[in-house]
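# Tertiary structure, described
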Amino acid sequence: MNVRATILFLLFFSLYLCKAQKIIPYPNQYEPTKGELKVPKTISITASGEFASLIPGFIQSAEQFSVSVIEKRSKGFIQLVQNSTLVNPEEYRLTITSREIMIEAGEAAGCFYGLQSALQLIINAGSDGKIPCAFIHDWPRYAWRSLMLDEARHFIGMEQVKSLLDFMALQKLNKFHWHLTDSHGWRIEIKQYPLLTSIGARGDLTNPNGAVQYYTQAEIAEIVGYARQRFIEIIPEIDMPGHATAATRAYPEFSGGGSKRYPNYTFNPGKEGTYTFITNILKEVTTLFPSRYIHIGGDEVHFGNEEWNSIVDVQQLMKKHDFSNLIDVEHYFIKRMSDSIRNLNKTLIGWDEVVDANLPVANTVVMWWRHEKPKQLDKAISKGYQVIMCPRIPLYFDFIQLESHKYGRKWSDGAYVPIELVYNFPGTDYTSGVSISTDLIKGMQANLWTERIHSPERLQFMAYPRMSALSEAAWTQDKMKNFENFNSRMDYMMKIYEKKGVTYFNYRNVDAETEVPGPVR
Ligand code: ACM
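Residues numbered from 1 in each chain as written. Predicted model: local features only at pLDDT ≥ 70, side-chain atom pairs only at ≥ 80, totals over all residues. Heavy atoms only, no water.

Tallied over the entire structure, the rule returns 23 salt bridges. As a salt-bridge pair, D491 and R508 come within 2.5 Å of each other at their nearest N and O atoms. Residue D491 is located in helix α16 (residues 483-499), and its partner R508 is located in the segment after α16; the two are separated by 17 residues in the primary sequence. Salt bridges here are not isolated pairs; linked through shared partners, they connect D150, R153, D182 and E451. (Salt bridge = Lys/Arg side-chain N within 4 Å of Asp/Glu carboxyl O. Helix = DSSP H or I, 4+ residues; strand = E, 2+ residues; numbered from the N terminus.)

Here it is, written out as structure tokens:
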């Protein structure tokens, strides 16, 4: 390219990137067109067919940003149009002319995402109330774009969960993985086993003798409905056979003991009653969550299975099946639960330890989390498992985001999780050789563990703005990603955070920022 051509190219490229600068995640195809559209004080909206059902939700979410919308019968300022040639269920087209906005999609999810893009543009209209004309054609890079919240270590509560769901929807994240049980608390009502909550939900990591905190089944239904209205699927996690102390505190007859450091950490894999107990729990859980997935954890069993060596039931099980070590027992347990889940017509999700249990490929999805073990990701793929990527570095949002922060985690080599690392994930050579473009990779997820998060402000400080980077990493094709450009669009997203009163970490003004403290450990 000669100099003139290079300058022209750079000019057009920057124009191309700048013009769409108010949408996160960045659309996969954006063409600026001539002219501007003046946004009226009250926006009218019309829809064809089933898309009309999206209008009440849109009116509600627009109101949260002081944008006034009314439904009309004929030709509104925003028109929602069904177009069956758009085949990806999450795909949409958004055409902005000097008179109106038209959103086309094949399915409701796509139309919903078109509306989210339109809403961001409208909220961020210039001071003259105008938005630039454009043609957008957009679809997700990954089908699985997810956030996980741990409510076992510290209970966060419905209001914050709904707020997270609002921001997820606005940024096209579509799965919410809910870590509802762990050693420090059991947070979901199970009617058949009331002690799980009356005893198991007591306290939290900071205050083990604190109040009972959990979601009733009616509250779960409310949150599931709230999420569904925002095209977010909720996947519940009941962690087993380790991380089970809250459950074994409530029902000690199913405890498989633990270790000195983690007493009563496991369920008892040698007792037939354990399988009935957990299967009954899962049955109730599946009635509350329409998702076809259920997450059963399966992580870090070795932290506390020492007592399996001395429990008679487990020793008998080992003899009966000729097991030579505790890993065999762990895999036996996971296989039994996999059978239960198949009988419930659900698909199992497990942390990457389950790769070694040889579960059926068609009924198992793996979450790769141990970033220091990329070979576990390779192994999952080579065995044919579908995988969701959530490696600690850079997708654990309980890790600090600035070197000088004190309250969150760092890895043993000092690694932490600044926003740019989240944004650039997965890159091209993250793993030990597995192709990240394989169809077996369903997508990615960030995990908000709450050992170091105990208040809404702290939760928000750790979630925002990294959630915005996650959404673009999961939605936008590599070739359209550019951190500097994302950075400039964050001006607008931060204004949205501010309008909603979110305590976010302003990574661009670190000298003026103070870390929101977490629990002292
Ligand atoms: C995990 O962080 N233990 C999945």
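That was the structure; now back to the text.
As a further point, take the sheet that holds strand β12 (residues 233-240). The strand order around the closed barrel formed by eight strands is β8-β9-β12-β13-β14-β15-β16-β17, and the pairing between neighbours is parallel. Pairs of neighbouring strands in the sheet enclose a mean axial angle of 30°, with direction left out of account. Seen against the sheet, helix α8 (residues 272-288) touches β12 and β13 (293-297) and runs at an angle of roughly 170° to β12. Here helix α11 (residues 374-382) sits on the sheet in contact with β15 (364-368), β16 (386-389) and β17 (441-448), set at roughly 160° to β15. (Pairing = 2+ DSSP bridges. Axes fitted to C-alpha atoms, helices over the stretch in contact; angles between N-to-C directions. Contact = heavy atoms within 4.5 Å.)

Before going further, it helps to spend a moment on the pairing of strand β4 (residues 78-82). Relative to β4, strand β2 (residues 42-47) is paired through three bridges, and the arrangement is parallel. Bridge assignment links I45 to a residue of β4, and that residue is I78. The sheet contact formed by β4 and strand β6 (residues 101-105) spans five bridges and is parallel. Pairing of L80 across the sheet is with I103, part of β6.

Here the bond from I393 into P394 is cis, since omega is 15°, no more than 30 degrees from zero. Inspection of the secondary structure puts P394 in helix α12 (residues 392-395). Even without glycine at this site, K172 takes up a positive phi of about 65°. Unlike most non-glycine residues, D322 shows phi in positive territory, near 60°.

As summarised here, the arrangement of the seven strands in space is β1-β7-β5-β6-β4-β2-β3, forming an open sheet in which the pairing is mixed. Of all the strands in the sheet, just β1 (29-38) and β3 (68-71) have a single pairing partner and so form its edges. The sheet shows a mean angle of 25° between the axes of neighbouring strands, taken without regard to direction. Across the face of the sheet, helix α2 (residues 55-64) comes into contact with β2, β3 and β4 while running at roughly 165° to β3.

A few words on the side chain of E353. Position of E353 among the secondary structure elements: in the loop between β14 (347-351) and β15. No salt bridge is formed by the buried E353. Its closest oppositely charged neighbour is R370, at 4.1 Å. Reaching out from E353, the side chain makes a polar contact with the side chain of W369 at a distance of 3.0 Å. In this view, E353 contacts G298, D299, E300, W369, R370 and Q376; residues no more than four positions away in its chain are not counted. (Buried < 20%, exposed > 50% of the residue type's maximum accessible area, 1.4 Å probe, protein only. Lys, Arg positive; Asp, Glu negative; His and termini not counted. Polar contact = N/O pair within 3.5 Å; in protein donor to acceptor, adjacent residues only side chain to side chain.)

Time to look at the packing of aromatic side chains. Throughout the structure, instances matching the rule amount to 32 aromatic pairs. Where Y113 meets W475, the ring centres are 5.5 Å apart and the plane angle is 70°; that geometry is what we call edge-to-face. Placement of Y113 in helix α3 (residues 108-123) and of W475 in helix α15 (residues 466-475) is noted, with a sequence separation of 362 residues between them. Across this residue pair, the class does not change: Y113 and W475 are buried. Aromatic pair Y262 and Y265: ring centres 5.4 Å apart, planes at 45°, arrangement tilted. Taking relative accessible area as the criterion, Y262 reaches 26% and is therefore assigned partly exposed. The rings of F155, F176, W178, Y215 and F289 are connected pair by pair, giving a single aromatic cluster. (Phe/Tyr/Trp six-rings, centres within 6.5 Å; stacked < 30°, edge-to-face > 60°.)

Right, let's talk about the confidence of the model for the protein for a bit. For residues with low pLDDT, the predicted coordinates do not support detailed interpretation. For the protein, the mean per-residue pLDDT works out to 94, and 95% of the residues sit at or above 70. Here helix α1 (residues 3-19) is the element of the protein with the lowest mean pLDDT, 51, and strand β9 (residues 175-179) is the one with the highest, 99. Residue range residues 13-18 is modelled with pLDDT below 50. Its contacts to residues more than four positions away, or to other chains, number eight contacts. (pLDDT = per-residue confidence, 0-100.)

What follows concerns the environment of Y214. On the secondary structure map, Y214 appears in the loop between α5 (195-198) and α6 (217-229). Y214 sits in the partly exposed class, given a relative accessible area of 27%. Sequence separation of Y214 and I238 is 24 residues, and the distance between their C-alpha atoms is 14 Å.

Ranked by internal contacts, the top residues of the largest apolar core, which has 168 residues, are I78, I101, I188, L196, L282 and F289. Sort the elements by how many residues they give to this core and α3 lands first, with ten residues. (Core = buried A, V, L, I, M, F, W, Y, C linked by side-chain atoms within 4.5 Å.)

This next bit is on the environment of Q171. Within the secondary structure, Q171 is located in the loop between α4 (158-170) and β9. For Q171, a relative accessible area of 0% corresponds to the buried category. Sequence separation between Q171 and Y113 is 58 residues, and the spatial gap between their C-alpha atoms is 8.5 Å. Leaving out residues up to four positions away in the same chain, Q171 has contacts with I24, P25, Q120, M467, S468, S471 and M493. Reaching out from Q171, the side chain makes a polar contact with the backbone oxygen of F167 at a distance of 3.1 Å. A polar side-chain atom of Q171 sits 2.6 Å from a polar atom in the side chain of S468.

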